[in-house]
Amino acid sequence: MPKKIYLLNNLKFDGVENLEVFGIEYLPSEININNYDALIFTSKNAIYSIDSFNKDWKNIESYAIAPKTASIIQQYDGNLVFTGVSSHGDSFAQELIPFLKDKKVLYIRASKTVSDLTEILKSSNIDIEELVAYKTSCKKVDKKLENNSIFVFTSPSSVQCFFKNYNWHESYYAVCIGETTAKYLPSEIKYKISSKTSIEECIKVAQELQI
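So, how was this worked out
- Residues numbered from 1 in each chain as written.
- Predicted model: local features only at pLDDT ≥ 70, side-chain atom pairs only at ≥ 80, totals over all residues.
- Heavy atoms only, no water.
- Salt bridge = Lys/Arg side-chain N within 4 Å of Asp/Glu carboxyl O.
- Helix = DSSP H or I, 4+ residues; strand = E, 2+ residues; numbered from the N terminus.
- Buried < 20%, exposed > 50% of the residue type's maximum accessible area, 1.4 Å probe, protein only.
- Pairing = 2+ DSSP bridges.
- Contact = heavy atoms within 4.5 Å.
- Axes fitted to C-alpha atoms, helices over the stretch in contact; angles between N-to-C directions.
- Disulfide = S-S within 2.5 Å.

**Brief notes about the pattern of salt bridges**
Once the charged atoms of two side chains with opposite charge are near each other, the side chains can pair.
Phase 1 of the analysis: Applying the stated criterion across every chain, the model contains 11 salt bridges.
Phase 2 of the analysis: Here Lys143 and Glu17 are joined by a salt bridge, their closest N and O atoms 2.9 Å apart. Taken together, the positions of Lys143 in the loop between β8 (127-138) and β9 (150-153) and Glu17 in strand β2 (residues 17-18) put the pair 126 residues apart, joining distant regions of the chain.
Phase 3 of the analysis: Among the residues examined, Lys143 registers a relative accessible area of 31% and is labelled partly exposed.
Phase 4 of the analysis: According to the relative accessible area criterion, Glu17 is partly exposed, its value standing at 23%.
Phase 5 of the analysis: With its nearest N and O atoms 3.0 Å apart, the salt bridge here joins Lys104 to Glu129. Placement of Lys104 in strand β7 (residues 104-110) and of Glu129 in strand β8 is noted, with a sequence separation of 25 residues between them.
Phase 6 of the analysis: Beyond isolated ion pairs, a larger network of salt bridges with shared partners links Lys4, Glu17 and Lys143.

**Here we look at the sheet that holds β2**
Phase 1 of the analysis: One open sheet accounts for five strands, arranged β2-β1-β9-β10-β11; its pairing is parallel. One side of each edge strand has no neighbouring strand; the edge strands of this open sheet are β2 and β11 (191-193).
Phase 2 of the analysis: Bridge count for strand β10 (residues 173-176) against β11 is three bridges, and the pairing is parallel. For Val175, the partnering residue across the bridge sits in β11 and is Lys192.
Phase 3 of the analysis: Relative to β10, helix α7 (residues 199-209) is tilted by about 155°, and along the sheet it contacts β1 (5-7), β9, β10 and β11.

**A word on the state of the cysteines**
Phase 1 of the analysis: This model, assessed by the stated rule, comprises one disulfide.
Phase 2 of the analysis: In this model, Cys138 is linked to Cys161 through a disulfide, with the two sulfur atoms separated by 2.0 Å. In this structure the cystine formed by Cys138 and Cys161 twists about its S-S bond by roughly -80°; its chirality is therefore left-handed. With a gap of 23 residues between them, Cys138 in strand β8 and Cys161 in helix α5 (residues 156-165) connect regions that are remote in the sequence.
Phase 3 of the analysis: A disulfide-free cysteine, Cys176 has its sulfur positioned 7.7 Å from the sulfur of Cys202, the nearest such atom.

Shape descriptors only; they carry no functional weight alone.
Right under this line is the structure:
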């Protein structure tokens, strides 16, 4: 009998059950986006949020942390000029430095972030401001979970909200989308990190662990 895979996200995959332990709330703003030369995106939710209340972002240069975020920018007809290679916040900041000299930059982000991206860029004399465009909040979940299941964690919030609802069983196994997310797991938990920062890659890893 294959092990059950739970995805802590609302994306749909065959043979995978969604366990939505957190929700996203967009935070509209009256910011004049045309005051900026460059926009930084480290999450698809930042794109969804800014597009919900200001379409002018599409005219500004966009810098995406990873291919998945870049693909959303392109789907929304944004002006994508750079996609990060490392897919991790602090390393992404280092990649951005050569591109952002002499630009006025806006980092569109969540209310809570785990990287030092803004501080790293400021220390390199990049003119950067932040816009908090969305926030995550934990949901109350009472779904009964199967033993020997595999859980796919797609963000630090997914880890934090899972543990507000459940205790970890020794038969469980975790798959994490990146090193930052994995750091939020309790130290005794067994886990694997996907080779690419994408949910699709996480599902592949989980499916390899199913048998």
